[in-house]
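# Geometric and topological summary
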Amino acid sequence: MFRRRKSGGGEAPGLVAVGEPGALVLDGVGKRYRHGVTALAPVDLTVPRGRFLAVMGPSGSGKSTLLQCAAGLDRPSTGAVRIGGVDLGSLSEAALTRLRRERVGFVFQAHNLVPSLSVLENVSLPLLLAGVDDAEAARRALAAVGLGGRAADRPTELSGGQQQRVAIARALVTSPEVVFADEPTGALDPVTAQDVLALLRQAVDGDGHTVVMVTHDPSAAAWTDEALFLTGGTVVERLLAPGAAQVHAVMRSLGRAAA
Ligand code: ADP
C-alpha cells in the first residue's frame, strides 16, 4: 500500500492498484517551510479502509507535519491529499473545514473535552456542528466505549482514561472516513493506555474504521496493522503487523543513524 516516490516517476504498472479505494491517499505530499526547512519529503501513501496505521520516528522527523497535512489542518507544499476520494487541495477553506468536521475524527493527547458540557453533549457536538440532531447515535457511540452509564456526568468527574474514551466516542460519532490520533496514550498510565488502544483496535476490527496514529511508543504501535518510520521527513522503514520488540529495534537504529 505504500511506495516511495522515485525521481522521474516510472512506477511499474500493477505495483499500486489504480483507483484503490483508500480511505486516505497521499500522492507526493511534501511540506517545505520558509528558510528551506523540508519537514516532509514527497510521500506516497495509501491507507485502505479498515486499517490501523502507526506513524513513528524521532522528534523532528516530520510526524506532526504528515498528520497535519493528511488531516487537512495544513496545506502541503507539493502533492495531493485525498480523503474518501475528495482532493483536499480542491476545497475552499470553508469546504475543508466542513470536511474535517464531517469526515475526519481527531483524538489528541489532551482530550480537549468541553468542561461545561455533559459527557453526552461532548460526544454529540460533532453531530450538532454537522447539523445532525441524533442523540441516539451519540448514546450508541458512548455505549461502545463502555461509558453509557456516564452520559450525564461532566468530563471532570471521569478519570483520564475515561475522558480519553469519551474523546474516542466523539471522534467516531460521525462515522468519519479517517480518525487521526496524535499520541492518544501519551498522557496515560500503561494499563489505561492499553484500554484506549484496545478501543481503537476494536473500532477498526469491529466497525471498519480507519485510524492513523502518531506515537513514539513501541507497545502502542504493536496494536496496529502497520508502522511507518520517518526520519528527516522521509519514510525510511515500514513494518507490517509490527511487534513491540521489532519496533523498538527500528527506533533504536534510527536514533543511532540520526546521532
Ligand atoms: P515531529 O512531529 O516528528 O516531531 P515535525 O513534523 O513537528 O516533527 O517537524 C519536522 C521538521 O519541520 C522539524 O525540523 C521542525 O523543526 C520543522 N518545522 C515544523 N513546523 C515548522 C514551522 N512552522 N516552521 C518551520 N519549521 C517547522
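Use the structure listed above.
Residues numbered from 1 in each chain as written. Predicted model: local features only at pLDDT ≥ 70, side-chain atom pairs only at ≥ 80, totals over all residues. Heavy atoms only, no water.

Here we come to the site of the ligand. Close contacts around the ligand come from Tyr33, Val37, Ala39, Pro58, Ser59, Gly60, Ser61, Gly62, Lys63, Ser64 and Thr65, and that covers them all. Within the contact set of the ligand, an oxygen atom lies 3.0 Å away from a backbone nitrogen or oxygen of Ser61. Within the side chain of Lys63, one N or O atom sits 2.8 Å away from an oxygen atom of the ligand. Calculation on the ligand without its partners gives an accessible area of 570 Å², and the protein chains cover 58% of this total. Here the shell around the ligand is built from residues that sort into four nonpolar, six polar and one charged. (Near = heavy atom within 4 Å. Polar contact = N/O pair within 3.5 Å; in protein donor to acceptor, adjacent residues only side chain to side chain. Areas by Shrake-Rupley, 256 points an atom, 1.4 Å probe, with all protein chains shown as cover. Nonpolar A, V, L, I, M, F, W, Y, C, P; charged D, E, K, R; others polar.)

Here we take up the nonpolar core. Val123, Leu142, Val145, Val166, Ile168 and Met213 are the most contacted members of the largest nonpolar core, which totals 35 residues. At the level of elements, helix 3 (119-129), helix 4 (135-144), helix 5 (160-172), strand 8 (178-182), helix 6 (190-207) and strand 9 (211-214) are the ones that each hand at least two residues to this core. Setting aside residues up to four positions removed in sequence, Val123 forms contacts with Ala138, Ala141, Leu142, Val166, Ala169, Arg170 and Val173. Counting residues in hydrophobic clusters, the runner-up holds 31 residues, among them Ala23, Leu26, Leu88 and Ala95. (Core = buried A, V, L, I, M, F, W, Y, C linked by side-chain atoms within 4.5 Å. Buried < 20%, exposed > 50% of the residue type's maximum accessible area, 1.4 Å probe, protein only. Helix = DSSP H or I, 4+ residues; strand = E, 2+ residues; numbered from the N terminus. Contact = heavy atoms within 4.5 Å.)

Turning our eyes to something else, we now look at the packing of aromatic side chains. Here the structure, examined in full by the defined rule, presents two aromatic pairs. Ring centres of Phe106 and Phe108 lie 5.8 Å apart, and the angle between their planes is 0°; this geometry places the pair in the stacked category. The structure contains a cluster of three or more aromatic residues connected by ring pairs, namely Phe106, Phe108 and Phe180. (Phe/Tyr/Trp six-rings, centres within 6.5 Å; stacked < 30°, edge-to-face > 60°.)

A few words on the environment of Val43. Along the chain, Val43 falls in strand 3 (residues 38-48). Each C-alpha atom of the pair Val43 and Ala244 lies 25 Å from the other, and the pair is 201 residues apart in sequence.

This next bit is on helix 5. With 13 residues, helix 5 should cover 18 Å at 1.5 Å per step; its first-to-last C-alpha distance of 19 Å lies within 8% of that length. Here helix 5 lies mainly inside the structure; 12 of its 13 residues are buried. Restricting attention to buried positions, one finds in helix 5 the residues Gly161, Gln162, Gln163, Gln164, Arg165, Val166, Ala167, Ile168, Ala169, Arg170, Ala171 and Leu172. Tucked into the core, helix 5 has its buried residues touching strand 7 (104-107), helix 3, helix 4, strand 8 and helix 6. (Expected span 1.5 Å × (residues − 1).)

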